[in-house]
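Now for the letters of each chain:
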Amino acid sequence: EWGRSAAQNVLLVGALDAARVNFAARLLGSLPPALRETLRSPQGAAAAMLALLLAPGEEAMAQQLAALASGGFEELGGRAAALSPLMKGLSAAFHLPVIDLALPAAKTLPEGERQQLIGALEAAIRADRRVSLHEFVVLALARHQLQPGGKPGASGAKRLADLKEEATTILGLVARAGVRADATGERQKALDAALAAGAKEMRIQPPAAAASLTLETADRALQALKALAPMQKAILVRGLFAAVTADGTIRIAEAELMRLVGAALDCPLPPLLDAVDPARLAA
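As the structure is a prediction and not an experimental result, all values here were calculated from the model. (Residues numbered from 1 in each chain as written. Predicted model: local features only at pLDDT ≥ 70, side-chain atom pairs only at ≥ 80, totals over all residues. Heavy atoms only, no water.)

Participant: Where do I start with the packing of aromatic side chains in this structure?
Facilitator: Note on aromatic pairs: each is described by the distance of the centres and the angle between the planes. Overall, the coordinates contain one aromatic pair when judged by the stated rule. For the pair W2 and F241, a centre-to-centre distance of 5.7 Å together with 15° between the ring planes defines the contact as stacked. With W2 in the segment before α1 (6–10) and F241 in helix α13 (residues 230–244), the pair connects residues that are 239 residues apart, well separated along the chain. The pair formed by W2 and F241 is uniform in burial state, with each residue classed as buried. Geometry around W2 places R4 over its ring, the cationic atom sitting 4.6 Å from the centre. (Phe/Tyr/Trp six-rings, centres within 6.5 Å; stacked < 30°, edge-to-face > 60°. Helix = DSSP H or I, 4+ residues; strand = E, 2+ residues; numbered from the N terminus. Buried < 20%, exposed > 50% of the residue type's maximum accessible area, 1.4 Å probe, protein only. Lys NZ or Arg CZ within 6 Å of the ring centre and 35° of its normal.)

Participant: For this particular structure, what's the right way to read the confidence of the model for the chain?
Facilitator: Any region with low pLDDT has predicted coordinates that should not be read closely. Mean pLDDT over the chain works out to 84, with 87% of the residues at or above the 70 mark. Confidence scores differ between elements of the chain, with helix α15 (residues 278–282) showing the lowest mean pLDDT of 47 and helix α4 (residues 42–51) the highest of 96. (pLDDT = per-residue confidence, 0-100.)

Participant: How should I be thinking about helix α12 (residues 215–225) in this particular structure?
Facilitator: Three or four residues apart is the spacing at which side chains of an α-helix point the same way, because the helix has 3.6 residues per turn. Where α12 is concerned, the buried positions are L215, A218, D219, A221, L222 and L225. Across the axial projection of α12, the buried residues extend over an arc of 155°, all falling on one side. Packed against the buried residues of α12 are α8 (111–126), α9 (133–146), α10 (164–175), α13 and α14 (252–264). (Arc of directions from axis to C-beta. Contact = heavy atoms within 4.5 Å.)

Participant: Help me out: how do you make sense of the pattern of salt bridges in this one?
Facilitator: Opposite charge on two side chains makes pairing possible when the charged atoms of those side chains draw close. Applying the stated criterion across every chain, the model contains 11 salt bridges. For D219, the salt bridge goes to R143, with nearest N and O atoms at 3.2 Å. Here D219 is found in helix α12, whereas its partner R143 is found in helix α9, with 76 residues between them in sequence. Given a relative accessible area of 10%, D219 falls into the buried group. (Salt bridge = Lys/Arg side-chain N within 4 Å of Asp/Glu carboxyl O.)

Participant: I would appreciate a short explanation of the nonpolar core in the present structure.
Facilitator: Looking at soluble globular proteins, one finds that nonpolar side chains tend to be buried together. Counting residues in hydrophobic clusters, the biggest one holds 87 residues, and the most contacted among them are F136, I170, L236, L240 and F241. The dominant element in this core, judged by the number of residues it contributes, is α9, at eight residues. With residues up to four places along the chain from it excluded, the contact list for F241 reads W2, N9, L12, M258, L269 and L272. (Core = buried A, V, L, I, M, F, W, Y, C linked by side-chain atoms within 4.5 Å.)

Participant: Would you mind showing me how to read the packing of helix α5 (residues 58–70) against α8 here?
Facilitator: Helix-helix packing: each pair is described by the crossing angle between the helix axes and the interaxial distance. Closest axis-to-axis distance for the α5/α8 pair is 8 Å, and the angle between their directions is 140°. Compared by their axis directions, α5 and α8 come out oblique. Considering the relative orientation of α5 and α8, their crossing is right-handed. Facing α5, whose interface residues are Q64, A67 and L68, α8 presents A120, A123 and A124. Its residues assigned to classes, the contact of α5 with α8 shows five nonpolar, one polar and no charged. (Axes fitted to C-alpha atoms, helices over the stretch in contact; angles between N-to-C directions. Parallel < 35°, antiparallel > 145°, perpendicular 65-115°, else oblique. Left-handed = near helix turned anticlockwise from the far one by under 90°. Nonpolar A, V, L, I, M, F, W, Y, C, P; charged D, E, K, R; others polar.)

Participant: What am I meant to see in α8 here?
Facilitator: Spanning 16 residues, α8 covers 23 Å between terminal C-alpha atoms, matching the ideal 22 Å at 1.5 Å per step. Within α8, the full set of buried residues consists of R114, L117, I118, G119, A120, L121, A123, A124 and I125. Turning to α8, the residues buried within the fold contact α4, α5, α6 (74–88), α7 (95–106) and α9. (Expected span 1.5 Å × (residues − 1).)

Given below as structure tokens:
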């Protein structure tokens, strides 16, 4: 359940307190020791990030490994496949923390190997010609954190009014994290309520519930929104939180998306499920 107000949501940006540090320690203790050790090396971190995207079924994984081999990523794919048994036992709630742990080591890879990792992630995702929400989060985080870009923490001067299309794209994305885009009945009402709640905070028109979304359009929107002025970023984050918590709860997929948006905008968010016992997440 989510009990914070719109103003309290914005205060989460950059927040770090003893409770969150304690949660991080408990979560680390819940990870398999072999995985924790693997994440310390750059090559191990890269393999772990790719392993998160390998399908649990043997046939689907074989299809992904074949796509990786044909793309020139056979060695990295093999290392990821070797780690897949460790990943299969992890709840989805642990995937983003694994990425958090992997990124510092992965950032030390030479630029060519960082680009190879991003290419391998793309190949694994596109092997079945579909992109899930979780796959989008992993790939977008890798792109934003590992590709050369602007100076971290740099702010622009644009207003939400200048980037309404991009803002509505991301609003639509986060609103649908907990509701199917083709929902009907009560689920359609929930989707409409989430879109309306976010748009109200941002003072923009809510996007059409049936608007199409692709990985490319969402990623371009995130890139463009980095040019917002600091206070405009705060309004955007407040609106996105209003959308994902319109029903009074926050789901794992929604928490992942909000942390992705925060990372992309240089507005880092702490773990949003810190009140939950890691043992429950692993159940």
